[in-house]
Amino acid sequence: MNAIDWKNLGFGYSKTDYNVRSWFRNGEWSELEISDSEILPLHMAATCLHYGQEAFEGLKAFRGQDGKIRVFRMEENALRMQRSSEGLMMAEFPVDKFKEAVRKAIKLNERFVPPYESGASLYIRPLLIGTGAQIGVKPADEYLFMIFVMPVGPYFKEGFKPTDLVIYREYDRAAPLGTGKIKVGGNYAASLVSGHRAHANGFSAVLYLDAREKKYIDECGPANFFAISKNRYITPKSSSILPSITNMSLRQLAADMGMIVEERPILAEELADFEEVGACGTAAVISPIKRVYDADLDKEYLYGKEPGKISVQLYEKLRGIQYGKEPDPYGWTEIIE
Ligand code: PLP
Ligand code: COI
């Protein structure tokens, strides 16, 4: 293997040694299997291929200054994947087995966990797909759960340097009572055209508005939205956004810092009132935003060219817990022995 340039990793696929798999057949999940193949044996009529019966997750493991590897809030990912299963009528993968699979996938690929100094981390991708053959629109009777991992750097190429978002009202990511609140592939397919246009115009992502009224801020394609104003941490409440585990953690950290936390509908015009805005998620961590361009109104909202003070504090606190530099009062991390 060529040496990995840990410091210059982007967010992309790379092969690691092993992945972990479990098959649901005859109403039961198999023991976890270890595979060194990147290929899946798949029936051509599998429901994941035709009708999008699939869900995924994303979480990270970090190597601390003490050399230990910590994984962040994996139980929350296990529970969210169960909600995705419920949303698409897929077999539920048990939480304890999910955690066991995460531990195994990290352990088996330990040499790919980036060193502390690099600022990179190991991205863990659980996947659940309908593998049973159907041609009617019906849930499959067979499923595959698997986890693969890879070392990654920042999702937005700027890393923690502020980036630009754009509002286009002509696209929706998810319907108000649709699948936006679960982590299923179709939401991401639905964001490709608008996301491509945003990138082609120099923006790092689209900031979607609510699909019903086009008045309120929903979220970015791959991350939640938050704003800071007058000692408040403000983040959208909406039925069509993914309940982000990073955002949930930041709400707690903001409250602990003495801020008022508001989860409520946020009008797009309020962008003019905010001191700092950011995108947050596992891949995005905290990505401060320096400009939101409303393409329909040809209006721009500008924030600092450098990350704002509160965003820096939240980022440092969160990273501190993830890398084991700060106490972890809520037990968010588990050390992988
Ligand atoms: N919103 C969307 C649409 C996402 O894909 C993600 C990534 O998982 C998030 C928000 C952030 O969620 P989390 O913090 O749990 O990674
Ligand atoms: C994550 O942050 O883990 C995600 O799944 C976002 C994804 C689109 C890369």
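Residues numbered from 1 in each chain as written. Chains lettered and ligands numbered in written order. Predicted model: local features only at pLDDT ≥ 70, side-chain atom pairs only at ≥ 80, totals over all residues. Heavy atoms only, no water.

1. Some points on the overall build of the chain
Note the cut-off: Working definition: helices are DSSP H or I runs of at least four residues, strands are E runs of at least two. Numbering for both runs from the N terminus. We call two residues in contact when some of their heavy atoms are within 4.5 Å. Note on areas: Shrake-Rupley with a 1.4 Å probe; residue coverage comes only from the protein chains shown.
When its secondary structure is counted, the chain shows 7 helices and 18 strands. When its C-alpha atoms are laid out on the principal axes, the chain stretches across 55 × 50 × 35 Å. Here the contacts in the chain between residues at least 6 apart in sequence split such that 71% fall between residues at least 24 apart. Carbon and sulfur atoms make up 52% of the accessible area of the chain, which totals about 15,200 Å².

2. Quick look at the pairing of strand β13 (residues 232-236)
Counted only if it meets this: Any residue under 20% of the maximum accessible area for its type is buried, any over 50% is exposed, and the rest in between are partly exposed; the area is computed with a 1.4 Å probe on protein chains only. Only strands that DSSP links by at least two bridges are regarded as paired with each other.
Burial analysis of β13 places 4 of its 5 residues in the buried class, which makes it a mostly covered element. Across 3 bridges, strand β12 (residues 224-229) lies against β13 in antiparallel orientation. Bridging from a neighbouring strand, I228 pairs with Y233 of β13. In sequence, β12 turns back onto β13 through a hairpin of 2 residues, with K230 there showing a positive phi of about 50°.

3. Re the packing of helix α6 (residues 245-256) against helix α7 (residues 309-322)
Note the cut-off: Every axis in this analysis is a line fitted to C-alpha atoms, fitted for helices over the stretch in contact. Angles between the N-to-C directions lie between 0 and 180 degrees. Orientation categories follow fixed angle ranges, with anything under 35 degrees roughly parallel, anything over 145 roughly antiparallel, 65 to 115 roughly perpendicular, and all other angles oblique. For any pair of crossing helices, the crossing counts as left-handed if the nearer helix is rotated counterclockwise from the farther one by less than a right angle, and right-handed if it is rotated clockwise. Residue type decides the class: Asp, Glu, Lys and Arg count as charged, Ala, Val, Leu, Ile, Met, Phe, Trp, Tyr, Cys and Pro as nonpolar, and the leftover types, Gly among them, as polar.
In the contact formed by α6 and α7, the axes pass within 10 Å of each other and the chain directions differ by 110°. With respect to each other, α6 and α7 are oriented roughly perpendicular. In the packing of α6 onto α7, the handedness of the crossing is right-handed. Residue-level inspection shows T246, S249, L250, L253 and A254 of α6 in contact with α7, the latter providing L314, K317, L318 and I321. Per-class residue counts for the contact of α6 with α7 are 6 nonpolar, 2 polar and 1 charged.

4. Concerning the site of ligand 1
To keep it simple, the criterion reads: Consider each residue's heavy atoms; a residue with any of them within 4 Å of a molecule or strand counts as near. Residues adjacent in sequence count toward polar contacts only when both atoms are side-chain atoms; beyond that, a polar contact is any pair of N or O atoms within 3.5 Å, and within protein one must be able to donate a hydrogen and the other to accept it.
Y188, E219, S244, T246 and T282 are the nearest of the 16 residues found near ligand 1. Between ligand 1 and Y188 there is a distance of 2.5 Å, counted from an oxygen atom to a side-chain nitrogen or oxygen. Note that an oxygen atom of ligand 1 is positioned 2.8 Å from one of the backbone N or O atoms of I245. Burial of ligand 1 by the protein amounts to 96% of the accessible area it has alone, namely 390 Å². Contributions of two or more residues to the shell around ligand 1 are made by α6 and β15 (276-281). Looking at the shell around ligand 1 residue by residue, the class counts come to 6 nonpolar, 6 polar and 4 charged.

5. Observations regarding the packing of helix α2 (residues 74-88) against helix α3 (residues 95-108)
In contact at an axis separation of 9 Å, α2 and α3 are set at 125° when each is read in the N-to-C sense. Taken as axis vectors, α2 and α3 run oblique relative to one another. In this structure, α2 crosses over α3, and the sense of that crossing is right-handed. For the pair formed by α2 and α3, the contact residues are M74, E75, N77, A78, L79, M81 and Q82 on the first element and V95, F98, K99, V102 and R103 on the second. Counted by class, the contact of α2 with α3 contains 7 nonpolar, 2 polar and 3 charged residues.

6. Describing the domain arrangement of the chain
Stated precisely, the cut-off is as follows: Here the limits of each domain have been adopted from an automatic or database domain assignment. The salt bridge criterion pairs a side-chain nitrogen of Lys or Arg with a carboxyl oxygen of Asp or Glu, the two atoms within 4 Å.
By domain assignment, the chain separates into domain 1 (6-152) and domain 2 (163-322). The straight-line distance from the C-alpha centre of domain 1 to that of domain 2 is 25 Å. If you look at the interface, domain 1 gives 21 residues, while domain 2 gives 19 residues. Summed over the shared surface of domain 1 and domain 2, the result is 0 salt bridges. In this structure, the connection of domain 1 to domain 2 is made through 7 residue pairs in polar contact (both at pLDDT 80 or more).

7. Considerations on the pairing of strand β5 (residues 59-63)
Judged by how many residues are buried, β5 sits mostly within the fold: 4 of 5 residues are covered. In the sheet, β5 pairs with strand β7 (residues 121-130) via 3 bridges, with the strands oriented antiparallel. Counted as the bridge partner of L59 is I124 from β7. For β5 and strand β6 (residues 69-72), the ladder comprises 3 bridges, and the chain directions are antiparallel.

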